[in-house]
Amino acid sequence: MKKMFLIFLLTSLSFVSNANDSTKVNITNQAVADADNAGLTLPSGFGALIAADNLGRARHIVATKQGGIYVKLERLVGGKGIVYLTDANKDGKMEIETSFGNYIGTGIAIKDNYLYASSNEDVFRYQLDENGKVTNPNNPQRIVKGLWDKRQHASKSIALDNAGNIYVNIGAPSNSCQEVDRTKGSKGMYPCPILDSAGGIWQFKIDQTDQGYHNGVRYATGLRNVVGLDWNQQQNKLYVTMHGRDMLYTLYPDMFDTTVSAELPSETMYAINKGDDAGWPYVYYDHFQKKKVLSPEYGGDGKKAGGEKAIDPIVAFPAHMAPNALLFYTGNQFPAKYKNGAFVAFHGSWNRSPLPQEGYYVVFIPFENGKPSGQWEVFANGFSGTEMVKNPRDAKHRPCGLTEGPDGSLYISDDVKGTIYRIVYNAK
Amino acid sequence: MKYVYCLSLILVLSSALVSRSATNTVQPAIKASMDRGKIIYLQRCMACHQADGSGVPRLNPPLDGASTVKGNDKLKLVRIIIKGMTDRVEIDGEYYDNNMSANPDLTDTQIADVLNYIRNSWGNKASLVTAVEVKAARTKIK
């Protein structure tokens, strides 16, 4: 009994659940869920609390192994674009310890003892001390510079492998590589010249200064705009979520109606190998026909298949929901089914009008051996604060970033108000 | 008593007149043009600017309440519709990422109609744009 108590105490103190532990000790997360679960709807046994609020346009987030969180902002607050949150009194509510970085952006990641953050053109890295705090906030090493920033799809999401490389998304500043973007009757350019500099994932070294197009590797192409990406440690492989094209009806009203245009094309998740081509702009994925369909800009009619050499997605989601973050869950706090599965944060659609908008939630996809082992399911919902989002401006919060805390909690950022949600599992 | 009745009658009538003029702000010429413009709006504009003109935060600017939309620079509005917009410009304190379509195939009347629709829908109210004005503006746009 004494031993049992000791186990209980130790487990409680370290906030780590051990799925293999048959002693059935109670897991007590010191972070207590808010009474209303922060306004979110979650699966049974899960709770949510607001870890931080009103940070500004919080894009991607990353937790340190000590439990702090770095938040990348899309608009400067007090002249700073990165916020460092810590929870000194361990009550689950985090405070801003410091802010730094005079640039806006989306990407932020940690590998070993370095923090990496991106502007819409460059990637910087900072040294972390033994507490997970940046030692050189004002003079980071600029490891990549001069990437395309042409407004549209300019955010640079980042992920790191275990071999000294960083992967940077360069989104295509275009909907479908037309001669005149988003314009009815304008032809698709062939070959699409954008693909030389964008519409793909580029690979750079983590420790070289001022790399760019001249010495970066185009690791994968045919990816219109990847905002969510993560390195899967089990498979030692890059996985990405892509935003599919817009405006099938607006550009081709004779071929598509507003309903089809709202439901197509799929938002897609890919497992990426070096050299892969996902087919943009020549094809899009149709999850109803379960195939790659030739884009109308390139002679397609909504039925003709295309992209024989392009890879297929491993998951196809409904259209336009905007998968802004991807995270493989490696923690032990959540039940076993979540281990090594994927969470995807959907920012929420705008291109489904006049139908109601979709997304504005975080989904979970179970994985086995690097492949989905079941259907995706909504994991956390209610961010928008309204039953139905008719127009995107109605949404009070929009999920944008994901990170896993050292105790296995899942953190979700919102880029409308700058709320950081923490999801914990509290069931016995 | 008669005086009171008379006064209240005047009040009722005048308030009716006021409310009539308040609700019926759209002149018949604009109304007809707006009805035609709405059809074009739903086909060409709604996907990005949304059915209620509220736009999409940080991607597509709202038209409802936008100073340029309600303003007097009709040449600028005609240019945006014909040429589209790809510049990084601040719009009422915010930046928007998406490119706007070019619509050179719309006729002068269609452009006038869609402008009358967006300038007088939702919370907007502005003067009539005529096809003649659009035609004159088009000659100045290269």
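Predicted, not measured: the structure shown is a model, and the values here were computed from it. (Residues numbered from 1 in each chain as written. Chains lettered and ligands numbered in written order. Predicted model: local features only at pLDDT ≥ 70, side-chain atom pairs only at ≥ 80, totals over all residues. Heavy atoms only, no water.)

Quick notes on the pattern of salt bridges
As a working rule, side chains carrying opposite charge can pair if their charged atoms are close by.
Now for step 1: In total, this model carries 23 salt bridges over all chains according to the counting rule given.
Now for step 2: The salt bridge partner of Glu74(A) is Arg59(A), with a shortest N-O separation of 3.6 Å. A residue pair is termed long-range when its members are at least 10 positions apart, and Glu74(A) in strand β3 (residues 69-77) and Arg59(A) in strand β2 (residues 58-63) qualify at 15 residues. Just as Glu74(A) is buried, Arg59(A) falls in that class too.
Now for step 3: In this structure, the salt-bridge partner of Arg36(B) is Asp113(B), at a minimum N-O distance of 2.8 Å. Placement of the pair is Arg36(B) in helix α2 (residues 28-49) and Asp113(B) in helix α5 (residues 108-119), with a sequence separation of 77 residues. (Salt bridge = Lys/Arg side-chain N within 4 Å of Asp/Glu carboxyl O. Helix = DSSP H or I, 4+ residues; strand = E, 2+ residues; numbered from the N terminus. Buried < 20%, exposed > 50% of the residue type's maximum accessible area, 1.4 Å probe, protein only.)

So, the state of the cysteines
Now for step 1: Overall, the coordinates contain 1 disulfide over all chains when judged by the stated rule.
Now for step 2: At a sulfur-sulfur separation of 2.1 Å, the disulfide partner of Cys177(A) is Cys192(A). Its torsion about the S-S bond being 95°, the disulfide of Cys177(A) and Cys192(A) is classed as right-handed. One end of the pair, Cys177(A), is in the loop between β11 (165-170) and β12 (200-205); the other, Cys192(A), is in the loop between β11 and β12, and 15 residues separate them in sequence.
Now for step 3: Overall, Cys177(A) belongs to the buried group, its relative accessible area being 0%.
Now for step 4: Cys400(A) forms no disulfide, and the closest cysteine sulfur to it belongs to Cys48(B), at a distance of 20 Å.
Now for step 5: Considering cysteine sulfurs only, Cys45(B) is the nearest to Cys48(B), which forms no disulfide, with 8.9 Å between them. (Disulfide = S-S within 2.5 Å.)

Some remarks on the pairing of strand β14 (residues 226-232) of chain A
Now for step 1: Taken across its 7 residues, β14(A) has 7 buried, putting it largely inside the fold.
Now for step 2: Between β14(A) and strand β15 (residues 237-242) of chain A, which pair antiparallel one after the other, the connecting turn spans 4 residues, and Asn236(A) there sits at a positive phi close to 55°. (Pairing = 2+ DSSP bridges.)

Overview of the packing of aromatic side chains
All names here are of chain A.
Now for step 1: Counted according to the given criterion, the structure contains 35 aromatic pairs over all chains.
Now for step 2: Consider the rings of tyrosine 167 and tyrosine 219, whose centres lie 4.8 Å apart with planes at 70°: the pair is edge-to-face. On the criterion of sequence distance, the pair formed by tyrosine 167 in strand β11 and tyrosine 219 in strand β13 (residues 217-221) is long-range, its members being 52 residues apart.
Now for step 3: Pairwise contacts between aromatic rings join Phe46, Tyr329, Phe334, Tyr338, Phe343, Phe364, Phe379 and Tyr425 into one cluster.
Now for step 4: In this arrangement the basic side chain of arginine 125 is found over the ring face of tyrosine 114, its NZ or CZ atom lying 3.8 Å from the centre.
Now for step 5: Across from the ring centre of tryptophan 148, 4.5 Å away, lies the NZ or CZ of lysine 150, which sits over that ring. (Phe/Tyr/Trp six-rings, centres within 6.5 Å; stacked < 30°, edge-to-face > 60°. Lys NZ or Arg CZ within 6 Å of the ring centre and 35° of its normal.)

Some points on the sheet that holds strand β20 (residues 315-317) of chain A
Residues and elements named next belong to chain A.
Now for step 1: Pairing is antiparallel in the open sheet, where 4 strands are placed in the order β14-β15-β16-β20. Across the chains shown, the open sheet's two edge strands, defined by having one partner strand only, are β14 and β20. Strand-to-strand twist across the sheet, computed as the mean angle between neighbouring axes with direction ignored, equals 15°. (Axes fitted to C-alpha atoms, helices over the stretch in contact; angles between N-to-C directions.)

Focus: the confidence of the model for chain A
Now for step 1: Of the residues in chain A, 93% have a pLDDT of 70 or more, and the chain-wide mean is 93.
Now for step 2: Confidence drops under a pLDDT of 50 for residues 1-29 of chain A, and excluding neighbours within four residues, the segment shows 25 contacts in the predicted structure. (pLDDT = per-residue confidence, 0-100. Contact = heavy atoms within 4.5 Å.)

Some remarks on the pairing of strand β19 (residues 291-294) of chain A
Residues and elements named next belong to chain A.
Now for step 1: Relative to β19, strand β18 (residues 283-286) runs antiparallel, the two being bridged by 4 bridges. Of the residues in β19, the one forming a bridge with tyrosine 285 is lysine 292.
Now for step 2: Between β18 and the antiparallel strand that follows it, β19, lie 4 residues; lysine 290 among them carries a positive phi value of about 55°.

Points about the packing of α2(B) against α5(B)
All names here are of chain B.
Now for step 1: Close contact between α2 and α5 brings their axes to 6 Å; oriented N to C, the two are set at 95°. Between α2 and α5, the angle is such that the two are roughly perpendicular. On the side of α2, the interface is formed by Ile30, Ser33, Met34, Arg36, Gly37, Lys38, Ile40, Tyr41 and Cys45, while α5 contributes Thr109, Gln110, Ala112, Asp113, Val114, Asn116, Tyr117 and Ile118.
Now for step 2: Partitioning the contact of α2 with α5 into residue classes produces 9 nonpolar, 5 polar and 3 charged. (Parallel < 35°, antiparallel > 145°, perpendicular 65-115°, else oblique. Nonpolar A, V, L, I, M, F, W, Y, C, P; charged D, E, K, R; others polar.)

Some details on the interface of chain A and chain B
Now for step 1: Taken together, the 27 residues of chain A in the interface contact 32 residues of chain B.
Now for step 2: Both sides together, the interface formed by chain A and chain B hides about 2500 Å², and carbon and sulfur atoms give 42% of it.
Now for step 3: When the buried area of chain A at its contact with chain B is split by residue, Arg151(A), Trp350(A) and Arg393(A) rank highest and sum to 33% of it.
Now for step 4: Remark: the boundary between chain A and chain B carries 5 salt bridges.
Now for step 5: Counting the contacts that link chain A with chain B gives 17 residue pairs in polar contact (both at pLDDT 80 or more).
Now for step 6: Secondary-structure elements contributing two or more residues to the side of chain A that touches chain B are β3 and α2 (248-251) of chain A.
Now for step 7: For the side of chain A that touches chain B, the residue count by class is 8 nonpolar, 7 polar and 12 charged. (Buried area = accessible area lost by both parts, 1.4 Å probe. Polar contact = N/O pair within 3.5 Å; in protein donor to acceptor, adjacent residues only side chain to side chain.)

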